[in-house]
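# Understanding the architecture of this molecule
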Amino acid sequence: MTVFNKCAMSGAAILLASFAAAPMAQAEEVIKLGLSTPLSGAAAIWGKGAEFMCNTAAEEIRESGGVSVQGETYFFECLSYDNKYNAAEGTKVAQALFNREGVKFIGGSLGTAPVRALQSLAERQGALVFTTAWGASLKGPDHPTTFTQMNTPGEILPMLIGYIVEQHPDAKTVAMLNPNDATGQETEEIAAKVWDEQGVEVVASDYYERGTTEFQPIAVRLASFKPDIVDVGAMPPSDAGAIFKELELIGWTGIKVLEVGTGADGLKATAGAAAEGVYMGAGVTFRPDTATEHQIAVNERAKVAIGESLNAVQIGFYDSLYALKAAMEAADSVDPRAVAEAMPNVTFRSFYGSDIGFYGEERYGRVQQMRLPIIVTQVRDGELVEVGRLTP
Amino acid sequence: MASACGIAAALALGVIIYLFGFRYFQRDLVGSFILSIGLMLLLDGVLLRVFGGTVRGVPEIFPGSVSIAGAQITVQRLFLCGVAFLMAGILYWTLGHTRLGRALRAVAYDHEAAMMMGVPYGRIAFFGFLIASLLAAIAGALIAPVSIVSPVIGTDYLIKGFIAVIIGGLGSVPGAILGSLFVALIETLGGYYFDSSYATIAIFALVIVVLLFRPKGVMGRA
């Protein structure tokens, strides 16, 4: 065989192999999952962690054989866009995801203001939306394709505040501080009601702007009300840490609450020793006595990838993929409306280690909230410790 | 030691940015402004990529606190105030009483006239940029222990600094000090007596009033 013939034979073999492989490649169907999260600015760590968890779940689902619908196998692909935690960018992200990328499923979204923009466009296009946004206005019968992938104030606060009141029966007054945005305002409304129901008087309820650099005057004002409890609601952990540090400096010693607190790292970075004793409502611990091996392993990988332990916000972006897989297989369809109809009745294995489904008809008028465990944590000896857990 | 290294690194970065960027936009206010914004976004992105978005704790250089007239204040903040006064004094004296200062003021008022008088514009602009880099680096090193340190820490201080300069007047050191005191006063008193978010609104309202009735700023000349 001449050199020319050898080359010709090799070329033909490669061509044949390509034709043979083509149907296999075409058999792999990919479902794009849009993510609208902050990937820049102070909240970037949440977005990066969300992206990491979405990719982790997508990879796990791929390794376990994908999503089976009508004999076809589908795999997930996460497309992450930066909503910069504001409505204007949230609108741009929504347009890019739905109109340019052709996304029909939102695997997760973060921030009440940008998610409102996303939800509006999604509903017009019949897309399915998963969100971690806390705003109660995003839920209900008017939003039939929206599902919430983490606990929100409506779920967390009654248990968290109830637990704190039980532990500190002498505490009779609370001063509250929240960010001046949709998340802070909706959190404040629910928290004020729950504190009142628990017999704790709200002596002050202030707002501050995100991006504030000087917390001393705010702390002095809060302390001037002489509250037994300071509740910094939906503040980011780093801002909350700055407030607690200033409060400690001026000699205030009371009960510290960070309702949306998702982790101790950011809090400790700014509060130092003043982080001690802070109660949180959305924290997750990865200690061997409370976490599964899988949780610990994923968390270790996350620490390398994003530099911080995972939190409840980010975990929601893992659970939503398993919920979508379960609903698609139950509906035997990848049509978002059919998947949304099947979603309330499915159960799936959550990152928290148990099989869960959806609830929320009583509170929101529609089954749309993931039935996740509510974990009360507290900073003790510099570590975040789980002090209470309730699965609704 | 870490602070000294940080200041040295910032100065080195300042030199690079000037030589490869701002040198080509001299006497071009719009071009250099766009370059500044672009560099800010670029550096934010690079730092975010390299260090992640995690907030870092920076230990105080001077730990502890003291009581002054019943008010508790950290030694770090006192030191920060002291250094701010010292640097402002040195800058004010340098601009008014040294050859470099006079040359800086001359090129700021009228660069063409200054050049005709033999002032080496390029070299003076370079020194001016280095002084600005040094002041920013010292401020950053001192404010980090009492602030929230992340790759995007600069943005909020940049806006505040810009507001102070607008109120005080471009090109005036006493004006910049006065503007800073205005911002601090509103932030502190407003944050204590009212909701903190009202204080923020009041600062922006003050800027609007100044721009409407005294566009050059309280002590601005041009």
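Note that this is a predicted model, so its numbers are computed, not measured.

### Focus on the overall build of chain A
Looking only at helices and strands, chain A has 13 helices and 17 strands in total. Over its C-alpha atoms chain A spans a radius of gyration of 23 Å, differing by no more than 12% from the 21 Å that the globule rule assigns to 392 residues. Residue pairs at least 24 apart in sequence account for 66% of intrachain contacts in chain A once pairs closer than 6 positions are excluded. Total accessible area on chain A is roughly 15,300 Å²; 52% of this is exposed by carbon and sulfur atoms.

### Describing the domain arrangement of chain B
All names here are of chain B. Along its sequence, chain B is carved into domain 1 (1-62 + 74-150) and domain 2 (152-222). Using only C-alpha atoms to locate each centre, domain 1 and domain 2 end up separated by 20 Å. Contacts between the two partners involve twelve residues from domain 1, matched on the other side by nine residues from domain 2. Both sides together, the interface formed by domain 1 and domain 2 hides about 920 Å², and carbon and sulfur atoms give 69% of it. For the pair domain 1 and domain 2, the interface holds zero salt bridges. For the interface between domain 1 and domain 2, the tally reads two residue pairs in polar contact (both at pLDDT 80 or more).

### Observations regarding the interface of chain B and chain A
At the junction of the two partners, chain B supplies 28 residues and chain A supplies 35 residues. Buried area between chain B and chain A, both sides added, is near 2,400 Å², and the carbon and sulfur share of it is 56%. Together, Arg77(B), Ile148(B) and Tyr192(B) form the three largest contributors to the area buried by chain B at its contact with chain A, with a combined 22%. At the boundary of chain B and chain A, one finds three salt bridges. The salt bridge partner of Lys245(A) is Glu60(B), with a shortest N-O separation of 3.9 Å. For the pair chain B and chain A, the interface holds nine residue pairs in polar contact (both at pLDDT 80 or more).

### A closer look at the pattern of salt bridges
Taken as a whole and judged by the stated rule, the model has 18 salt bridges over all chains. Here Glu197(A) makes a salt bridge to Lys193(A), at a shortest N to O gap of 3.6 Å. In this pair, Glu197(A) and Lys193(A) both sit in helix α6 (residues 182-197), four residues apart, roughly one turn of the helix. Pair check on accessibility: Glu197(A) and Lys193(A) agree, each one exposed. For Lys160(B), the salt bridge identified is with Glu187(B), shortest N-O distance 2.7 Å. With Lys160(B) in helix α7 (residues 153-168) and Glu187(B) in helix α8 (residues 173-193), the pair connects residues that are 27 residues apart, well separated along the chain. Note on Lys160(B): relative accessible area 21%, which makes it partly exposed.

### So, the state of the cysteines
Residue and element names in this part refer to chain A. Taken as a whole, this structure holds one disulfide over all chains when the rule is applied. Covalent S-S linkage joins Cys54 and Cys78, the inter-sulfur distance amounting to 2.1 Å. Between Cys54 and Cys78, the S-S torsion sits near -90°, and that sign places the bridge as left-handed. Of the two residues, Cys54 sits in helix α2 (residues 44-63) while Cys78 sits in strand β3 (residues 72-82), which places them 24 residues apart along the sequence. Residue Cys54 is classed as buried on the basis of its relative accessible area of 0%. On the basis of relative accessibility, which here comes to 15%, the residue Cys78 falls in the buried class.

### Some words on the sheet that holds strand β10 (residues 255-258) of chain A
Residues and elements named next belong to chain A. Here seven strands make up an open sheet; going across it, the order is β8-β7-β9-β10-β11-β16-β17 and the pairing mixed. Looking at strand neighbours, the two that pair on one side only are β8 (201-208) and β17 (383-390), the edges of this open sheet. Together, β10, β11 (279-280), β16 (374-380) and β17 form the strand contacts of helix α5 (residues 153-167), whose direction differs from that of β16 by roughly 45°. Here helix α7 (residues 216-224) sits on the sheet and contacts β7 (173-179), β8 and β9 (229-231); the angle it forms with β7, its principal contact strand, is near 155°.

### Overview of unusual backbone geometry
Residues and elements named next belong to chain A. In this structure, Asp332 takes a positive phi of about 50° despite not being glycine. Along the chain, Asp332 turns up in the loop between α11 (312-331) and α12 (336-342). One non-glycine residue, Asp381, adopts positive backbone phi at about 50°. On the secondary structure map, Asp381 appears in the loop between β16 and β17.

### Considerations on helix α9 (residues 196-213) of chain B
Look at α9(B): 26 Å from first C-alpha to last across 18 residues, which is about the 26 Å you get at 1.5 Å a residue. Along its buried surface, α9(B) packs onto β8 and α7 of chain A together with α7 and α8 of chain B.

### A few points about the nonpolar core
Residues and elements named next belong to chain A. With 112 residues, the main nonpolar core has Phe76, Trp195, Ile243, Phe244, Leu324 and Met343 as its most contacted residues. Per-element accounting of this core gives the leading share, twelve residues, to α11. Inspection of this core shows a minimum of three residues originating in each of domain 1 (27-151 + 291-372) and domain 2 (154-281). Setting aside residues up to four positions removed in sequence, Met343 forms contacts with Leu128, Phe130, Phe147, Ala323, Leu324, Ala327 and Phe358.

### So, the packing of α7(A) against helix α8 (residues 237-249) of chain A
Residue and element names in this part refer to chain A. Contact geometry of α7 with α8 gives a least axis separation of 9 Å together with a crossing angle of 60°. As the angle between them shows, α7 and α8 are arranged oblique. As α7 packs across α8, the resulting crossing turns out to be right-handed. Here α7 contributes Gln216, Ile218, Ala219, Leu222 and Ala223 to the contact with α8, which in turn contributes Ile243, Glu246, Leu247 and Leu249. Grouping the amino acids of the contact of α7 with α8 by side-chain chemistry returns seven nonpolar, one polar and one charged.

What counts and how
- Residues numbered from 1 in each chain as written.
- Chains lettered and ligands numbered in written order.
- Predicted model: local features only at pLDDT ≥ 70, side-chain atom pairs only at ≥ 80, totals over all residues.
- Heavy atoms only, no water.
- Helix = DSSP H or I, 4+ residues; strand = E, 2+ residues; numbered from the N terminus.
- Rg over C-alpha atoms; globule rule 2.2 N^0.38 Å.
- Contact = heavy atoms within 4.5 Å.
- Areas by Shrake-Rupley, 256 points an atom, 1.4 Å probe, with all protein chains shown as cover.
- Domains from an automatic or database assignment.
- Buried area = accessible area lost by both parts, 1.4 Å probe.
- Salt bridge = Lys/Arg side-chain N within 4 Å of Asp/Glu carboxyl O.
- Polar contact = N/O pair within 3.5 Å; in protein donor to acceptor, adjacent residues only side chain to side chain.
- Buried < 20%, exposed > 50% of the residue type's maximum accessible area, 1.4 Å probe, protein only.
- Disulfide = S-S within 2.5 Å.
- Pairing = 2+ DSSP bridges.
- Axes fitted to C-alpha atoms, helices over the stretch in contact; angles between N-to-C directions.
- Expected span 1.5 Å × (residues − 1).
- Core = buried A, V, L, I, M, F, W, Y, C linked by side-chain atoms within 4.5 Å.
- Parallel < 35°, antiparallel > 145°, perpendicular 65-115°, else oblique.
- Left-handed = near helix turned anticlockwise from the far one by under 90°.
- Nonpolar A, V, L, I, M, F, W, Y, C, P; charged D, E, K, R; others polar.

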